[in-house]
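# Structural characterization, general
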Amino acid sequence: MGTFLTLPVELIADVLSELDLDSLITISYLSRRLHDIVSDPSLNPWRKPILRSLRSDQDEGNSGSLKHLSVRRIVPRHNWIEILSLASPSFILLDATLPNLRSEEWEECFNRRFLPGWRKWHKDGSWKATYLEVLHRVYHRSRTSCTSDESWTKYIVLNRNGTANELEGSSRGFNPLAIFNEMKLQNNLMHLETRIRLVVQLADVRIIALGTLNRPRSTLTVNPNAHTFLHPPGIDDLQTPRNNRVVTDHGVYPLGPDSADYPGVSPPSIDFSKMTHPLPASSHTNYPWYTPGGGDKRWLGSGEVEEEGRKWVGGLMIIAQIMTPKTHEFGGDWPPLQDLDLVVGPGRQQYASLVWNDLWAIAPWMEERITNKIDGPGLGI
C-alpha cells in the first residue's frame with residue numbers, strides 16, 4: 001500500500017476507478033491520502049463505477065451504496081447529474097436519497113434525461129420540482145394505461161417529397177400500427193410489409209420509426225429523408241480506419257470519434273458528436289454512431305439501400321414509446337428489437353408526444369433537409 005500511495009494522484013485515481021462502488025467506498029477511508037484523492041472533483045474516480053452500476057442488468061435499487069451515495073461528502077456532487085440522467089424512475093423516486101443540487105444542476109439533469117418538448121411542463125416552480133413532477137408522470141404512465149395528463153399524442157411523418165407533418169392522435173387507444181396502415185392505404189402501399197426500426201433509446205422512452213421498403217421501378221416513391229433519418233448523411237463515407245469499424249451481419253459501420261485512430265474529419269456543417277441532451281441509454285451510447293452490443297439495429301443495410309437492396313418508400317412515421325418494466329420482454333415470433341417486436345406485446349402500448357424540437361435533438365441533420373414543416377395534416381403552403 002505504501003508504494004502504491006507514492007504514485008502520481010492521476011494514476012491512483014485511474015486504478016481506483018476500476019473498483020466496484022462498495023470497494024471504492026471502503027478503500028476511501030483507509031488513509032487520508034486516499035480520502036483526499038477520491039474527494040477531488042477533478043480526479044473523480046467515482047464516475048466509472050457509478051456508470052457501471054447504472055448500466056448493469058441489476059436493479060439499481062438493490063445497491064445500498066448507490067441509494068445513499070448523496071450522504072457521503074467524499075463523492076463530488078456532479079456525479080449525481082449522471083445518476084439522475086440514467087437511473088430508473090423507481091430508483092430515483094422510491095429508493096434514492098436525493099442530493100442538494102443547485103437549480104442549474106437540476107435543469108441540466110432535466111435536459112439530459114427528457115426530450116426537449118417536455119420542457120412544456122416547467123411553469124413557475126423550481127427545476128427540481130419540474131424534474132420530479134415529470135418523472136412521476138413517466139413512472140405513472142409506464143405502469144398504467146392512464147392518459148389524463150396528455151390527451152393527444154403527437155408524432156412526426158417524413159414525406160417522400162421532402163416535407164414533414166407534425167400530427168396527433170387521441171392518446172387513449174393510440175395505435176401506431178393502425179395509423180400507419182391508414183397512411184399505407186392512402187398511398188397505395190398496403191401490399192408492402194410495415195418495417196419498424198428502433199432509432200435510439202433514452203432513459204424513459206425509445207424513438208421508433210415505421211416505414212415500408214420496396215424495390216421501386218422509379219424514384220418517384222422513394223423517400224430519401226427516411227433513409228437520411230436512419231443513416232446520418234455521410235457517416236458511412238467517412239474515411240474511418242478499418243480498425244475503428246465494426247463488422248455485423250448487415251454491414252460494416254463506423255464506431256465514432258472516440259478511437260485514437262479516428263481522423264477527426266466530418267462532412268461540412270454536420271455534427272456527429274455523441275448526443276448528450278437527451279442522453280441515450282447504454283444500448284445506444286455512441287448514437288448517432290453505431291453502438292455494438294446488439295441493441296442498435298438502425299442500419300440493416302449499407303450505402304443508399306437497406307436489407308436485400310430495398311429502399312424506403314412512402315412516408316416514415318416517427319413516434320416516442322414510453323419504456324415500461326415489460327418493454328424488453330420477448331414480444332412474439334419475430335426478430336427482437338425490430339419490426340413487430342417493438343410495438344406488439346406487453347409493455348408496448350404507452351406513447352408520449354414527439355414534436356419538432358425533439359426531432360432536431362435526435363437528428364439535427366434533418367432540420368436543413370426538411371423543405372417544409374407542417375403543423376397538422378395537409379401539404380402546406
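Going by the structure above, here's the rest.
The structure contained in this document is the topic of the report that follows. Since the model is a prediction, treat every value here as computed from it, not as a measurement.

### Some thoughts on the packing of aromatic side chains
In this structure the tally under the stated criterion is eight aromatic pairs. By way of ring pairs, the aromatic residues Trp 106, Phe 110, Phe 114, Trp 118, Trp 127 and Tyr 131 are connected into one cluster. Its guanidinium or amino end placed over the ring of Trp 121, Arg 137 lies 3.7 Å from that ring's centre, counting from NZ or CZ.

### Details of the packing of helix H2 (residues 9-16) against helix H4 (residues 32-39)
Where H2 meets H4, the closest approach of the two axes is 10 Å, and the angle between their N-to-C directions is 80°. The angle between H2 and H4 falls in the class roughly perpendicular. From H2, Val 9, Ile 12, Ala 13 and Leu 16 reach across to H4, where they touch Arg 33, Leu 34, Ile 37 and Val 38. When grouped by side-chain class, the residues that make up the contact of H2 with H4 number seven nonpolar, no polar and one charged.

### Examining helix H10 (residues 127-141)
Over its 15 residues, H10 extends 21 Å from the first C-alpha to the last, a length consistent with the 21 Å expected when each residue adds 1.5 Å. Every buried residue of H10 is listed here: Trp 127, Thr 130, Tyr 131, Leu 132, Val 134, Leu 135, Val 138 and Arg 141. Where the residues of H10 are buried, they touch helix H7 (79-86), helix H8 (89-95), helix H9 (103-113), strand E7 (311-322) and strand E8 (351-352).

### Description of the pairing of strand E1 (residues 152-158)
With five of seven residues buried, E1 lies mostly within the body of the structure. Taken together, the seven bridges between E1 and strand E2 (residues 163-170) define a ladder with antiparallel strand orientation. Across the sheet, residue Lys 154 finds its bridge partner in E2, namely Glu 168. Linking E1 back to E2 in an antiparallel pair, the connection comprises four residues, with Gly 162 at a positive phi of about 100°. Bridge count between E1 and E7: three bridges; the pairing is antiparallel. Paired with Val 157 across the two strands is Met 317, which belongs to E7.

### Quick look at the environment of Asp 341
Here Asp 341 shows up in the loop between E7 and E8. Here Asp 341 falls in the buried class, since its relative accessible area comes to 4%. For the pair Asp 341 and Thr 327, spaced 14 residues apart in the sequence, the C-alpha separation amounts to 9.6 Å.

### Some thoughts on unusual backbone geometry
Following His 277, the chain continues into Pro 278 via a peptide bond in cis, with omega recorded as 5°. One can find Pro 278 in the loop between strand E6 (252-254) and E7. Here the amide bond leading from Tyr 287 into Pro 288 is cis, since omega sits at 10°, within 30 degrees of zero. Secondary-structure assignment places Pro 288 in the loop between E6 and E7. Even without glycine at this site, Asn 44 takes up a positive phi of about 40°. Looking at the secondary structure, you find Asn 44 in the loop between H4 and helix H5 (47-54). Assessed through its relative accessible area of 12%, Asn 44 is described here as buried.

Here is what the cut-offs are and how they apply
Residues numbered from 1 in each chain as written. Predicted model: local features only at pLDDT ≥ 70, side-chain atom pairs only at ≥ 80, totals over all residues. Heavy atoms only, no water. Phe/Tyr/Trp six-rings, centres within 6.5 Å; stacked < 30°, edge-to-face > 60°. Lys NZ or Arg CZ within 6 Å of the ring centre and 35° of its normal. Axes fitted to C-alpha atoms, helices over the stretch in contact; angles between N-to-C directions. Helix = DSSP H or I, 4+ residues; strand = E, 2+ residues; numbered from the N terminus. Parallel < 35°, antiparallel > 145°, perpendicular 65-115°, else oblique. Contact = heavy atoms within 4.5 Å. Nonpolar A, V, L, I, M, F, W, Y, C, P; charged D, E, K, R; others polar. Expected span 1.5 Å × (residues − 1). Buried < 20%, exposed > 50% of the residue type's maximum accessible area, 1.4 Å probe, protein only. Pairing = 2+ DSSP bridges.

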